[in-house]
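Listed below are the residues making up each chain.
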Amino acid sequence: SIAMPYTGNAAAAEPIKIGMIWAKTGSIVDQAEYLAQGGMLALEQRNNMLLGRPAEIVWLDEPNPQGAQQSAERLVGEHKVAGIVGGALSSFALAISAVAKKSKTPFIAGNAAAGALTGASCNKYTFRLQPPVDVHTRVLAPYCASIGKKWYMLTASYAFGQDIKKSFTDYINANGGQVVGADEVPVNTADYSSFILKIRAAKPDVVIGGIAASDLTTFLKQWNELGMRGKIPFAEIAVGNTDLWGVGPEAADGLFTLTWYYKNPNNPPEEQAMAAAYEKKYGRPAADKTWMGWMSMKALLDSIEAAKSTDAAAIVNALEGWSAKRGDITAAYRPFDHQMTNRLLVAGIKPKITDKWDYFDVKAELPATAADIEKAFGSQADSACKMDSL
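Residues numbered from 1 in each chain as written. Predicted model: local features only at pLDDT ≥ 70, side-chain atom pairs only at ≥ 80, totals over all residues. Heavy atoms only, no water.

Colleague: Explain the overall build of the protein here, please?
Modeller: Helix and strand content of the protein: 13 helices and 16 strands. The globule rule puts the C-alpha radius of gyration for 390 residues at 21 Å, and the 21 Å found for the protein is close to it. In terms of overall dimensions, the protein has C-alpha extents of about 85 × 45 × 40 Å along its principal axes. A total of 390 residues make up the protein; the buried ones form 56% of that total. Working note: accessible area of the protein is about 15,500 Å², and carbon and sulfur atoms make up 53% of it. Looking at charge distribution, the protein has the averaged site of its 39 positive side-chain charges lying 1 Å from that of its 40 negative ones. (Helix = DSSP H or I, 4+ residues; strand = E, 2+ residues; numbered from the N terminus. Rg over C-alpha atoms; globule rule 2.2 N^0.38 Å. Buried < 20%, exposed > 50% of the residue type's maximum accessible area, 1.4 Å probe, protein only. Areas by Shrake-Rupley, 256 points an atom, 1.4 Å probe, with all protein chains shown as cover. Lys, Arg positive; Asp, Glu negative; His and termini not counted. Charge placed at Lys NZ, Arg CZ, Asp CG, Glu CD.)

Colleague: Even after reading the chapter, I still don't get the packing of helix α5 (residues 133–147) against helix α6 (residues 159–174), so can you show me in this structure?
Modeller: How two helices pack is summed up by the angle between their axes together with the distance between the axes. Where α5 contacts α6, the two axes come as close as 10 Å, and the packing angle between them is 50 degrees. One element, α5, and the other, α6, form an angle in the oblique class. Judged by the sense of rotation from one axis to the other, the crossing of α5 with α6 is right-handed. Judged by residue contacts, Val133, Thr137, Leu140, Ala141, Pro142 and Ala145 of α5 engage Phe160, Asp163, Ile164, Ser167, Phe168 and Tyr171 from α6. Tallied by class, the residues present in the contact of α5 with α6 amount to nine nonpolar, two polar and one charged. (Axes fitted to C-alpha atoms, helices over the stretch in contact; angles between N-to-C directions. Parallel < 35°, antiparallel > 145°, perpendicular 65-115°, else oblique. Left-handed = near helix turned anticlockwise from the far one by under 90°. Contact = heavy atoms within 4.5 Å. Nonpolar A, V, L, I, M, F, W, Y, C, P; charged D, E, K, R; others polar.)

Colleague: Just to check I follow, could you spell out the nonpolar core for this structure?
Modeller: Side chains of nonpolar character tend, in soluble globular proteins, to be buried together. Formed by 129 residues in total, the largest nonpolar core has its most connected members in Trp151 and Leu244. The element that contributes the greatest number of residues to this core is helix α11 (residues 288–307), accounting for ten residues. In this structure Leu244 touches Leu220, Val239, Ala252, Asp253, Phe256, Ile349, Tyr359 and Phe360, once residues within four positions along its chain are discounted. (Core = buried A, V, L, I, M, F, W, Y, C linked by side-chain atoms within 4.5 Å.)

Colleague: Would you explain the sheet that holds strand β16 (residues 360–366) in this entry?
Modeller: Two orientations exist for strands paired in a sheet by backbone hydrogen bonds: parallel and antiparallel. If you walk across this open sheet you meet the seven strands as β8-β7-β9-β10-β11-β15-β16, and the pairing is mixed. Each edge of the open sheet carries a strand with a single partner, namely β8 (178–185) and β16. Put simply, the sheet's adjacent strands are angled 25 degrees from each other on average, direction ignored. Note: strand β11 (residues 255–258) against strand β15 (residues 344–349), four bridges, orientation antiparallel. Looking at β15, one finds that Phe256 is bridged to Ala347. (Pairing = 2+ DSSP bridges.)

Colleague: I'm lost on the sheet that holds strand β13 (residues 329–333) in this one. Help?
Modeller: Pairing within the open sheet is antiparallel, and its three strands lie in the order β12-β13-β14. Strands at the two margins of the open sheet, each flanked by one partner only, are β12 (323–326) and β14 (340–341). As paired elements, β13 and β14 share two bridges and run antiparallel to each other. Paired with Ala332 across the bridge in β14 is Thr341.

Colleague: Can you help me understand helix α12 (residues 312–321) in this one?
Modeller: Given 3.6 residues per helical turn, the α-helix brings residues three or four places apart onto the same face. Regarding α12, the residues found buried are Ala312, Ile315, Val316, Ala318, Leu319 and Glu320. Its buried side turned inward, α12 meets β5 (107–109), β6 (126–128), α11 and β13.

Colleague: Looking at this structure, I do not really get the pattern of salt bridges. What am I missing?
Modeller: As a working rule, side chains carrying opposite charge can pair if their charged atoms are close by. Per the stated rule, a full pass over the model turns up 19 salt bridges. Where Arg138 meets Asp134, a salt bridge forms, and the shortest distance between an N and an O atom there is 3.6 Å. Of the two residues, Arg138 and Asp134 both sit in helix α5, four residues apart, roughly one turn of that helix. By relative accessible area, which is 41% here, Arg138 ends up partly exposed. Overall, the relative accessible area of 34% leaves Asp134 in the partly exposed class. Among the ionic pairs, Arg343 bridges to Asp328, the shortest N-O distance being 3.0 Å. With Arg343 in the loop between β14 and β15 and Asp328 in the loop between β12 and β13, the pair connects residues that are 15 residues apart, well separated along the chain. (Salt bridge = Lys/Arg side-chain N within 4 Å of Asp/Glu carboxyl O.)

Colleague: Explain the packing of aromatic side chains to me, please; I cannot follow it from the model alone.
Modeller: Describing an aromatic ring pair means giving the distance of the ring centres and the angle of the ring planes. Summed over all chains, the structure comprises 18 aromatic pairs. Between Phe127 and Tyr333 the ring centres are 5.3 Å apart and the planes differ by 80 degrees, which places this aromatic pair in the edge-to-face class. Taken together, the residues Phe127 in strand β6 and Tyr333 in strand β13 connect sequence positions 206 residues apart. Each member of the pair, Phe127 as well as Tyr333, is classed as buried. (Phe/Tyr/Trp six-rings, centres within 6.5 Å; stacked < 30°, edge-to-face > 60°.)

What follows is the structure, encoded as structure tokens:
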């Protein structure tokens, strides 16, 4: 019968679907747009093909943790995706990770920094690109301590902020300093003036921030309006370029850790090519989040090709063996907790911003050596992850 080979071909031409969960609404939407565009660029660079078949991305929203969970369930159940990239906030990523584990679907969290994701809540199907909070802390805290030993904490009342509060408090207490004030603030706080007045009265040497995305933008604008810019140094880990672009060149201030910067001359050729392709397509420079979205998606797509299959276990094994050369180091996911090991940038706001995109002076790339990276990320013995099997 003629129908038989035809049916086979139809099945073979079915597109491979990749799930993507980045916020389309809410406080993280500015970052999420770049994360999503980076992911889509990674597939476009392969001419939207995987394993010789057409491939497509299904992008769903994450309005809140429950919404992120429902989107993950839809991608698995309705769309039959081969894997998922997403989780713009730690609370979203933890919700998606639980679905990934239950449904046995490979998931790469590109942006979430809460320790639990590759710590106590780790699982065989979840991988994470962003270094966790404690690694960022080990990089930035010594800079803050060199400025002064009296710190004030202003952190968000969810996983990311709570992790920052704990890790920076532990650091300064262990290094002969003190926390002279601490406030936990709800997400989407519109008015920070009461907190800023408390900071002014406490006279700290450094303010340690732990507020994400548009909340950070709002805070820094009000910090400037109340005459605090340049008076007390502000420091925060794991910020996005978009958060500072949103503040504007007049009010931007602080010392930060970033995962990537488009103007960093040490970016490897492949990443420079990605940044050029992004700028050509969107008419603006690639943000750090563009790179994170691209790198997460690239790792997943590379691993599907390496597995020569959309079988989940084969993709997980390929991800555990995946790596990317970045100058004199190699970025890779550790088999024992699926945390990517990599370098971070310590960057300060330029004293005078003359280009509406180029805000940062990169002061250092840390940890410096492969041995330093291993030390900063901790060993398997230090890890709270008890990895399950496939």
